[in-house]
Amino acid sequence: MIIDIHTHTFPDQIAAATVNKLGDAAHLEPCTDASRDGLVSSMEKAGIDLSVILPVATKPSQVEKINTRAAQTNELYRGKLFSLGGIHPAYENWYEELARVKELGLKGIKIHPVYQGADIDSEPFMNILKRCAELGLSVITHAGDDIGFPGVVHCSPEMCLRVKEEIPDLKLILAHMGGWQNWDRVQELLAGTDVMIDTAFSIHPIHTRGDYWKDGEPQLLSKEEFIRIIRLFGAERVIFGTDCPWADQKEYRELMSTLGLSEDEYRKIMGENAAKLLGIG
């Protein structure tokens, strides 16, 4: 089973407008229309069995709607799409809402400290993360820089290390190979912890928009660096993710097959680790 643990969709009525607005901000060309049906179509072309949707609450008022819709997605697209929940650090009813996330069977939440304007080791987020650990909910977070907000870092390797030291039982997955554009410090500080990392948007190819990148595409990991991080962390701590619609699922899956991974490494990264972590086999 091939599982993509890092994808994004938006409600059908705003999907096209939202993904184009985000594409303009990041100077990237989306590879789907960011609808759920568009994601399923992409999966069929790529030979991906299951995609995990990671919703981001950019406002506290969105939280309950996001979680309700996530549960509806999991019912409507059973066996194809699996959505996690979302939370916002300024949402006042976070304690009870995380219990509802658990009751809805969402398995975990996605947070994005950059979009949500708070450090991951700040008090609001730490309270949320402690509650997730109590409930056995996984947490997938954007980590490192963000291509749409250059120089703004709310989830650095140092912050993630403090989180794990204070909440050792937290099931924490760091997107973008542990911290986008922070990969030297990721290797130095986090390899010795039990955090997991996903592969999303960390190795070419990506699709740029306009002439913003005319002097060179964003500097992502080389194949050699990518493999070095996998071997440093161990394949059992790496999960396949694309960041679709910001990467093409078919291209990304094909790229993974060219890296020289062993059969065991490939099997774990491409599906087994996600299935075990989220109980979605």
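Note: the structure precedes this text.
About the cut-offs
- Residues numbered from 1 in each chain as written.
- Predicted model: local features only at pLDDT ≥ 70, side-chain atom pairs only at ≥ 80, totals over all residues.
- Heavy atoms only, no water.
- Pairing = 2+ DSSP bridges.
- Helix = DSSP H or I, 4+ residues; strand = E, 2+ residues; numbered from the N terminus.
- Contact = heavy atoms within 4.5 Å.
- Axes fitted to C-alpha atoms, helices over the stretch in contact; angles between N-to-C directions.
- Buried < 20%, exposed > 50% of the residue type's maximum accessible area, 1.4 Å probe, protein only.
- Left-handed = near helix turned anticlockwise from the far one by under 90°.
- Nonpolar A, V, L, I, M, F, W, Y, C, P; charged D, E, K, R; others polar.
- Phe/Tyr/Trp six-rings, centres within 6.5 Å; stacked < 30°, edge-to-face > 60°.
- Arc of directions from axis to C-beta.
- Core = buried A, V, L, I, M, F, W, Y, C linked by side-chain atoms within 4.5 Å.
- Parallel < 35°, antiparallel > 145°, perpendicular 65-115°, else oblique.

**Student:** Outline the sheet that holds strand 5 (residues 108-111), listing residues and values.
**Tutor:** Pairing is parallel in the open sheet, where six strands are placed in the order 4-5-6-7-8-9. Looking at the sheet topology across the chains shown, the edges are occupied by strand 4 (85-86) and strand 9 (238-239). When strand 4 meets strand 5, the two strands line up parallel, connected through two bridges. Bridge assignment links G86 to a residue of strand 5, and that residue is K110. Where helix 6 (residues 123-135) meets the sheet, it contacts strand 5 and strand 6 (138-141), and its direction lies at approximately 160° from that of strand 5.

**Student:** Which residues make up the sheet that holds strand 2 (residues 50-53), and what values go with them?
**Tutor:** A sheet is described by the order of its strands in space; here three strands give the open sequence 1-2-3, paired in parallel fashion. One side of each edge strand has no neighbouring strand; the edge strands of this open sheet are strand 1 (3-7) and strand 3 (81-83). If you compare each strand with its neighbour and ignore which way they point, the axes differ by 25° on average. Judged from the three bridges that link them, strand 2 and strand 3 form a sheet pairing that is parallel.

**Student:** Tell me about the pairing of strand 1, and name the residues and values.
**Tutor:** Of all five residues in strand 1, five are buried, a share of seventy percent or more. By the bridge criterion, three bridges tie strand 1 to strand 2 in an arrangement that is parallel. Bridge assignment links D4 to a residue of strand 2, and that residue is S51.

**Student:** Can you break down the packing of helix 4 (residues 94-103) against helix 6 residue by residue, with the values?
**Tutor:** Contact geometry of helix 4 with helix 6 gives a least axis separation of 10 Å together with a crossing angle of 35°. The chirality of how helix 4 crosses helix 6 is right-handed. Mapping the contact onto sequence places W94, Y95, L98, A99 and K102 in helix 4 and N127, I128, R131, C132, E134 and L135 in helix 6. Counted by class, the contact of helix 4 with helix 6 contains seven nonpolar, one polar and three charged residues.

**Student:** How would you explain the packing of aromatic side chains if you had to name every residue and give the values?
**Tutor:** For any two aromatic rings, the description comes down to two numbers: the centre-to-centre distance and the angle of the planes. Under the defined criterion, the tally for this structure stands at five aromatic pairs. With a centroid separation of 5.7 Å and an interplanar angle of 75°, the aromatic rings of W94 and Y95 are classed as edge-to-face. On the basis of relative accessible area, W94 is assigned to the partly exposed category, the value being 22%. An aromatic cluster of three or more residues is present, and its members are W180, W183 and F201.

**Student:** Report on unusual backbone geometry, specifying residues and quantitative values.
**Tutor:** Of the consecutive residues H204 and P205, the connecting peptide bond is found in the cis state with omega at 15°. Locating P205 in the fold gives a position in the loop between strand 8 (196-198) and helix 9 (223-233). With an omega of 20°, the peptide bond between C244 and P245 qualifies as cis. Mapped onto the secondary structure, P245 falls in the loop between strand 9 and helix 10 (249-256). The backbone of H176 sits at a positive phi, close to 65°, despite the residue not being glycine. Locating H176 in the fold gives a position in the loop between strand 7 (171-174) and helix 8 (183-190). By relative accessible area, H176 is classed as buried at 4%. A positive phi angle, near 45°, is found at F201, a position not held by glycine.

**Student:** Give me helix 8: which residues, what numbers.
**Tutor:** Looking only at helix 8, the buried set comprises W183, V186, Q187 and L190. Here the buried residues of helix 8 occupy an arc of 110° about the axis, which is enough to place them on one side. Among the exposed residues of helix 8, those pointing more than 90 degrees away from its buried face are D184 and E188. Elements in contact with the buried residues of helix 8: helix 7 (157-166), strand 7 and helix 9.

**Student:** Before we move on, could you go through the nonpolar core and cite the residues and values that matter?
**Tutor:** In globular proteins that are soluble, nonpolar side chains generally tend to be buried together. In terms of nonpolar packing, the biggest core is built from 78 residues, with I109, L129, F233 and I269 touching the most fellow members. Per-element tally for this core: the top contributor is helix 6, with six residues. Filtering out sequence-adjacent residues up to four positions away, I269 remains in contact with I230, A235, V238, I239, F240, M256 and L261. The next biggest cluster of nonpolar side chains, apart from the first, holds 16 residues, and it includes I3, M196, L277 and L278.

**Student:** How would you summarise the packing of helix 8 against helix 9 if you had to cite specific residues and measurements?
**Tutor:** Angle between the axes and distance between the axes are the two parameters that describe a pair of packed helices. Their axes nearest at 11 Å, the elements helix 8 and helix 9 cross at an angle of 15°. Taken together, helix 8 and helix 9 sit at an angle that is classed as roughly parallel. The two elements helix 8 and helix 9 cross, and the hand of that crossing is left-handed. Taken together, the residues of helix 9 that come into contact with helix 8 (itself represented by W183, V186, Q187 and L190) are R228, I229, L232 and F233. Of the residues in the contact of helix 8 with helix 9, the class split is six nonpolar, one polar and one charged.

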